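Residue-level listing of the chains:
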Protein chains: 2
Amino acid sequence: MVQIKINLDENEMPKYWYNIVPDLPDPPEPPLNPFTGEPAKAEDLETIFPKSLIMQEMSNERYAKIPKEVLEIYKMWRPNPLRRAVRLEKILKTPAQIYYKYEGESPTGSHKVNSSVPQCYYNMKDGTELLTTETGAGQWGCALAYACNLFEMDCKVFMVRSSFEQKPQRKTLINLWGGNVVSSPSMETEYGREIIKQTPDIPGTLGIAITEAIEYAMKQPNAKYSLGSVLNHVLLHQTIIGLELKKQMEIIDTTPDYLIGCCGGGSNFAGLIFPFVKDIIDKKSDIQAIGVESSTCPSMTKGEYRYDSGDAAGKTPDLKMYTLGCQFVPPAQHAGGLRYHGMAPLLSQVLNSGFCKAESYREYDVFKAGHLFSKAEGIIPAPESCHAIAAVLKRAEECKKTGEKKTIVFNLSGHGFIDLYAYEKYLTGKMVT
Amino acid sequence: MVQIKINLDENEMPKYWYNIVPDLPDPPEPPLNPFTGEPAKAEDLETIFPKSLIMQEMSNERYAKIPKEVLEIYKMWRPNPLRRAVRLEKILKTPAQIYYKYEGESPTGSHKVNSSVPQCYYNMKDGTELLTTETGAGQWGCALAYACNLFEMDCKVFMVRSSFEQKPQRKTLINLWGGNVVSSPSMETEYGREIIKQTPDIPGTLGIAITEAIEYAMKQPNAKYSLGSVLNHVLLHQTIIGLELKKQMEIIDTTPDYLIGCCGGGSNFAGLIFPFVKDIIDKKSDIQAIGVESSTCPSMTKGEYRYDSGDAAGKTPDLKMYTLGCQFVPPAQHAGGLRYHGMAPLLSQVLNSGFCKAESYREYDVFKAGHLFSKAEGIIPAPESCHAIAAVLKRAEECKKTGEKKTIVFNLSGHGFIDLYAYEKYLTGKMVT
């Protein structure tokens, strides 16, 4: 019988995160202080982040030790198996072998807890009592509320309005774990009130929610802000996915031909591919890494590679990244996690250097892909993850034509049990084809 | 570090289901033909079940080989780890060790696929083209739709009205996997039309939905009916849970003091405990097995042990079981899976013989237990599973008082991502305390 799951034991879980910075041919271009235009100093960041995370953000060390307390918590959902999509291969009649890491079995249903837990841990160590954040689809807001609950911190979430209205269950989840969530733009910040005054019907953006979360944190005692993607330390934490995958590929003595993931801010895709990029850079490997974004928010495929603000109001440092402009307002589509105007600077650099590729897909097509996947494998993918699946299906179809037995590996970043309203629209013909 | 997950490899997955019948001190009392009052013959059942499942239903063999095709599919979510609830133990400050099997990682989010897959497999082999069924919470309906999809059969689900209205997402899930679902009582059967005429506001019952599903199947070509609990062959399939658990307890060289599961029709609890009952019967073990039901539908704690019909209209054979009467209409509470008027005959016999116990809990108390669990372990339990957790907490508290380091093992039968509306009611004080 074909082996469907390649397991790792708890003691085989990676004990270090991987930092790609020292392995890149060029040093990353630094974040800039938006007021001076000079490279941001650690002190510039201390108003919103704890020192230990700023050190990780600026680190040049190749490996960062995962604290014992974080490992203990990771063990609740990690290491997760590498799964082979045998039934999908059969349905597609492809000679390709399709594998995936499934992050939907974490407590909150996505990869986001891989970073929310260490972020809360370091904040707790540094004395933070309240963490604020933004959330698009709600995955990150849930993950931060869950982690704050573990370390007994307060949690305040600004959730992009379009998602807040589509998914009341996210609010319940955040509340269950003791967090507080408001629709963004909100009346709880100056910036939110101003936006509502100017454009009362705006569906919200991640950029606006970030601005609100930062403003809120800066006005509260012992409060810090937390970001669920984009920044170096978030991508660092997510490398646990790719590091596990590397071990699992060794067990089955295989090298991936394709590594595929969806991209909003870039953390799940970077977490998947970064441990493999050094081999791509050194030309030791022919792996094609493909980041997949929404056609409604195509920062990598249609954005510019330049310095831009991480939020709507210029409160964050300026970051060198692929961007659609920090004022870009994407339509209220269903993959709320893929609506960020920019792309993680480290991932943008990897893309700009040609070490990975980017593609964009349309909403209806990704739901069609997700539907086929759910019929084959049972798992209901989150709308974000459906983007990765669409790109996987494209490669599997190509292999069918060429007869090549390629190995396709993708990251199924989360489940879609909270997104069934969107599947219902897809099924009943209410989604634009 | 404490080991949190005790894994089994794919090749360690049990290859046989366990049939408790030959190990019971007395032979089970037979199902009776409701028209003649005589023990039902295999032929009596052939109008609604395929022959291969009837053979399993009536079997006296201790082990039943799991077909290779079913094993292949089981591997998508099995074997699942035995998990230790370390954080819960800490929060409770109990010396008890709490372990659980988590069935919520299956494609449909509950243990139900353990039986829907083999049921569909045997039906497919016997030429069935359409399967009909009832569903309470929607877990079984989803599981059957998923399995019918795998074996390319049509699926028609009669869903108890109160759940149908509470959980529109269940409809979407069933539709995604190609099934068709209607609210029960429905206008699609004579019995449904009659009930609607008599009591238009009835919240529905599993007994009515079963009657409708059977009537519907009997009027279609190549159609059979499928039941998600209660019957011997369903309990047989679910023993995969307890068989895995037994191997995992051997790995950590421990014997459970308590085995706990929630009970609607009894299949997840029986699946957990049956592989251990022989040792209880032979007094080789002091395990206390505790089945937990809803106080609104207390068949085991307040019902009578007698022959009764399995459905509302007397279309099924009469079964010897704990029952509240086949006309019993429980209130529309949130654990839709625990609203059946009776209890599985084999489990009823085990209970009546004193080899397990039964307890009932109130709705608010079980949500409180589930909430505490979700804060500790991250997983959001289905309302049904919260019942088991309430009984676990009770034992853990007792151990705290006595200082005993007992081992408590329970079955977390499913996740609650589709039940967040109920948690919202709990959180906002809209549930009766």
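One numbering rule holds for all chains: residues counted from 1, following each sequence as written. Each chain is given a letter, starting from A, and each ligand a number, starting from 1, according to the order in which they appear as written. With pLDDT at 70 or above as the cut-off, local features in this predicted model cover only qualifying residues; side-chain atom pairs require 80 or more to be listed or tallied, and sums for whole chains, interfaces and linings still use all residues. Note that the side-chain values use all heavy atoms of the structure and ignore hydrogens as well as water.

(A) Structural view of the packing of helix H9 (residues 190-198) of chain B against helix H10 (residues 206-218) of chain B. Residue and element names in this part refer to chain B. Two numbers describe how H9 lies on H10: the axes approach to 8 Å, and their chain directions differ by 145 degrees. The residues of H10 that touch H9, namely those facing Glu190, Tyr191, Gly192 and Ile195, are Ile208, Thr211, Glu212 and Glu215. Counted by class, the contact of H9 with H10 contains 3 nonpolar, 2 polar and 3 charged residues. Every axis in this analysis is a line fitted to C-alpha atoms, fitted for helices over the stretch in contact. Angles between the N-to-C directions lie between 0 and 180 degrees. The helix and strand labels rest on DSSP assignments: H or I over at least four residues marks a helix, E over at least two residues marks a strand, and numbering proceeds from the N terminus. We call two residues in contact when some of their heavy atoms are within 4.5 Å. As a working rule, the residues Ala, Val, Leu, Ile, Met, Phe, Trp, Tyr, Cys and Pro are called nonpolar, Asp, Glu, Lys and Arg charged, and the rest polar, with Gly in that last group.

(B) The arrangement of the sheet that holds strand S7 (residues 154-160) of chain B in detail. Residue and element names in this part refer to chain B. Read from one edge to the other, the open sheet built from 4 strands follows the order S8-S7-S6-S9, with strand pairing classed as parallel. The open sheet terminates on both sides in strands that have one partner only, identified here as strand S8 (180-184) and strand S9 (223-225). Neighbour-to-neighbour, the strand axes of the sheet open up by a mean angle of 20 degrees, direction not taken into account. Pairing analysis gives 3 bridges linking strand S6 (residues 130-135) to S9, with the strands arranged parallel. Note on S9: the bridge partner recorded for Leu131 is Lys224. Here H10 sits on the sheet and contacts S6, S7, S8 and S9; the angle it forms with S6, its principal contact strand, is near 170 degrees. If DSSP finds at least two bridges between two strands, the strands pair.

(C) The pairing of strand S15 (residues 407-412) of chain A, seen in detail. Residue and element names in this part refer to chain A. Within S15, 6 of the 6 residues are buried, which leaves the element mostly enclosed by the surrounding structure. Each residue is assigned to one of three classes by its accessible area relative to the maximum for its type, calculated with a 1.4 Å probe on protein chains only: buried under 20%, partly exposed between the two thresholds, exposed over 50%. Along S15, one buried face is formed by Thr407, Val409 and Asn411 and the opposite face, lined by Ile408, Phe410 and Leu412, is buried too. Strand direction decides the pairing type here: strand S5 (residues 97-102) and S15, joined by 6 bridges, are parallel. Bridge pairing links Lys101 to Asn411 in S15.

(D) Examining the interface of chain B and chain A more closely. Contact residues are listed per partner, giving 48 residues for chain B and 48 residues for chain A. Together chain B and chain A conceal approximately 4,300 Å² of surface at their shared face, both sides included; 56% is due to carbon and sulfur atoms. Only one rule defines a salt bridge in this text: a Lys or Arg side-chain nitrogen within 4 Å of an Asp or Glu carboxyl oxygen. Viewed at the interface, chain A and chain B are joined by 2 salt bridges. Notably, a salt bridge pairs Glu424 of chain A with Lys171 of chain B, separated by 3.4 Å at the nearest N-O pair. Note: buried area is the sum, over both parts, of the accessible area (probe 1.4 Å) each one loses when the two are combined.

(E) A look at helix H17 (residues 420-427) of chain B. Buried residues of H17 of chain B: Leu420, Ala422, Tyr423, Glu424 and Tyr426 of chain B, and no others. Immediately downstream of H17 of chain B, the backbone of Gly429 of chain B shows phi near 75 degrees, a positive value.

(F) Examining a negative patch on the surface more closely. Taken together, the side chains of Asp9 and Glu12 of chain A together with Asp9 and Glu12 of chain B present a region of like negative charge at the surface. In this fold, Asp9 of chain B is placed in the loop between strand S1 (5-6) and strand S2 (16-18). In this structure Asp9 of chain B comes out as partly exposed when scored by relative accessible area, which is 40%. Only residues whose relative accessible area exceeds 30% and that form no salt bridge are eligible for patches; like-charged ones are grouped when within 9 Å, while nonpolar side chains (Val, Leu, Ile, Met, Phe, Trp, Tyr) are grouped when within 5 Å. Each accessible area is a Shrake-Rupley estimate made with a 1.4 Å probe; only the visible protein chains count as cover when residues are assessed. Counted charges follow a simple rule, with Lys and Arg positive, Asp and Glu negative, and His plus the chain ends left uncounted. In plain terms, the charge of a residue is placed at NZ if it is Lys, CZ if Arg, CG if Asp and CD if Glu.

(G) Up close: the pairing of strand S5 (residues 97-102) of chain B. Residue and element names in this part refer to chain B. The buried count for S5 comes to 6 of 6 residues, which makes it a mostly enclosed element. Side chains Gln97, Tyr99 and Lys101 project from S5 onto one buried face, and the interleaved Ile98, Tyr100 and Tyr102 project onto a second face that is buried too. Of the pairings in the sheet, the one linking strand S4 (residues 82-84) to S5 comprises 3 bridges and is antiparallel in character. Directly across from Arg84, in S5, lies its bridge partner Tyr99.

(H) Fine view of the relation of the copies chain B and chain A. Each copy of the sequence occupies a distinct position, and chain B is placed on chain A by a rotation of 180 degrees and an axial shift of 0.0 Å, giving an RMSD of 0.0 Å. Seen this way, the second copy is the image of the first under a two-fold rotation axis. Most of the interface of chain B is mirrored in chain A, where 100% of its interface residues again form contacts. A residue counts toward the fit only if its pLDDT is at least 70 in both copies, and the copies are then superposed by least squares on the C-alpha atoms of those residues.

(I) Examining the sheet that holds strand S6 (residues 130-135) of chain A more closely. Residue and element names in this part refer to chain A. Across the sheet, which stays open at both edges, the 4 strands sit in the order S8-S7-S6-S9 with parallel pairing between neighbours. Looking at strand neighbours, the two that pair on one side only are strand S8 (180-184) and strand S9 (223-225), the edges of this open sheet. On average, adjacent strands in this sheet sit at an angle of 20 degrees to one another, irrespective of strand direction. Where strand S7 (residues 154-160) meets S8, 5 bridges bridge the pair, whose relative direction is parallel. Pairing of Lys156 across the sheet is with Asn180, part of S8. Where helix H8 (residues 168-176) meets the sheet, it contacts S7 and S8, and its direction lies at approximately 150 degrees from that of S8.

(J) Region of the structure containing the environment of Pro25 of chain A. All names here are of chain A. As for its placement among the helices and strands, Pro25 is situated in the loop between strand S2 (16-18) and helix H1 (42-45). Residue class for Pro25 comes out partly exposed when judged on its relative accessible area of 49%. A sequence separation of 363 residues divides Pro25 from Ala388, and the C-alpha atoms of the two residues are 27 Å apart. Not counting residues within four places of it along the chain, the set of residues in contact with Pro25 comprises Ile281 and Phe355.

(K) Structural view of the packing of aromatic side chains. Any pair of Phe, Tyr and Trp rings, taking the six-membered ring for Trp, is counted once the centres come within 6.5 Å. Such a pair is stacked with planes under 30 degrees apart, edge-to-face with planes over 60 apart, and tilted for the rest. In the structure shown here, the tally under the stated rule is 33 aromatic pairs over all chains. Ring plane angle 45 degrees and centroid distance 5.3 Å describe the contact between Tyr364 of chain A and Tyr426 of chain A, whose orientation is recorded as tilted. Taken as a pair, Tyr364 of chain A in helix H15 (residues 363-377) and Tyr426 of chain A in helix H17 (residues 420-427) lie far apart in primary sequence, 62 residues in all. Tyr426 of chain A sits in the buried class, given a relative accessible area of 11%. An angle of 80 degrees between the planes, with centres 6.4 Å apart, marks the rings of Trp17 of chain B and Tyr74 of chain B as edge-to-face. With Trp17 of chain B in strand S2 and Tyr74 of chain B in helix H3 (residues 68-74), the pair connects residues that are 57 residues apart, well separated along the chain. The pair formed by Trp17 of chain B and Tyr74 of chain B is uniform in burial state, with each residue classed as buried. Of the aromatic side chains, those joined through ring pairs into one cluster are Tyr364, Phe367, Tyr423 and Tyr426 of chain A. Here the guanidinium or amino end of Lys320 of chain A rests over the ring plane of Tyr305 of chain A, the centre of that ring lying 4.6 Å away. The positively charged end of Arg395 of chain A is found above the aromatic ring belonging to Tyr258 of chain A, 5.7 Å away from the centroid. Our definition puts a charge over a ring when NZ of Lys or CZ of Arg is within 6 Å of the ring centre and also within 35 degrees of the ring normal.

(L) Looking closely at the side chain of Gln238 of chain B. Mapped onto the elements, Gln238 of chain B comes out in helix H11 (residues 232-251). Within the local environment of Gln238 of chain B, its side chain forms a polar contact with the side chain of Asn114 of chain B, the two groups lying 3.0 Å apart. Two N or O atoms count as a polar contact when they lie within 3.5 Å, although within protein this holds only if one can serve as hydrogen donor and the other as acceptor, and sequence-adjacent residues are included solely when both atoms are side-chain atoms.

(M) Here's a closer look at unusual backbone geometry. Cis geometry is adopted by the peptide bond preceding Pro79 of chain A, which originates at Arg78 of chain A and carries an omega value of -15 degrees. Within the secondary structure, Pro79 of chain A sits in the loop between helix H3 (68-74) and strand S4 (82-84). Pro185 of chain B follows Ser184 of chain B through a cis peptide bond whose omega is 5 degrees. Mapped onto the secondary structure, Pro185 of chain B falls in the loop between S8 and H9.

(N) Representation of the environment of Ile251 of chain B in the model. All names here are of chain B. Position of Ile251 among the secondary structure elements: in helix H11. Given the relative accessible area of 47%, Ile251 is considered partly exposed. Along the sequence, Ile251 and Leu8 sit 243 residues apart, while their C-alpha atoms lie 9.5 Å from each other.

(O) The pattern of salt bridges, seen in detail. According to the stated counting rule, one finds 42 salt bridges over all chains in the structure shown. One salt bridge connects Arg83 of chain A with Glu105 of chain A, and the closest N-O pair in it is separated by 2.6 Å. Here Glu105 of chain A lies in the loop between S5 and helix H5 (113-125) and Arg83 of chain A lies in strand S4, a separation of 22 residues in the sequence. The class for Arg83 of chain A is buried, based on a relative accessible area of 5%. Residue Lys406 of chain B is joined to Glu404 of chain B by a salt bridge in which the shortest nitrogen-to-oxygen separation is 3.9 Å. A cluster of three or more residues bridged by salt bridges with shared partners is formed by Arg78, Lys101, Glu103 and Glu244 of chain A.

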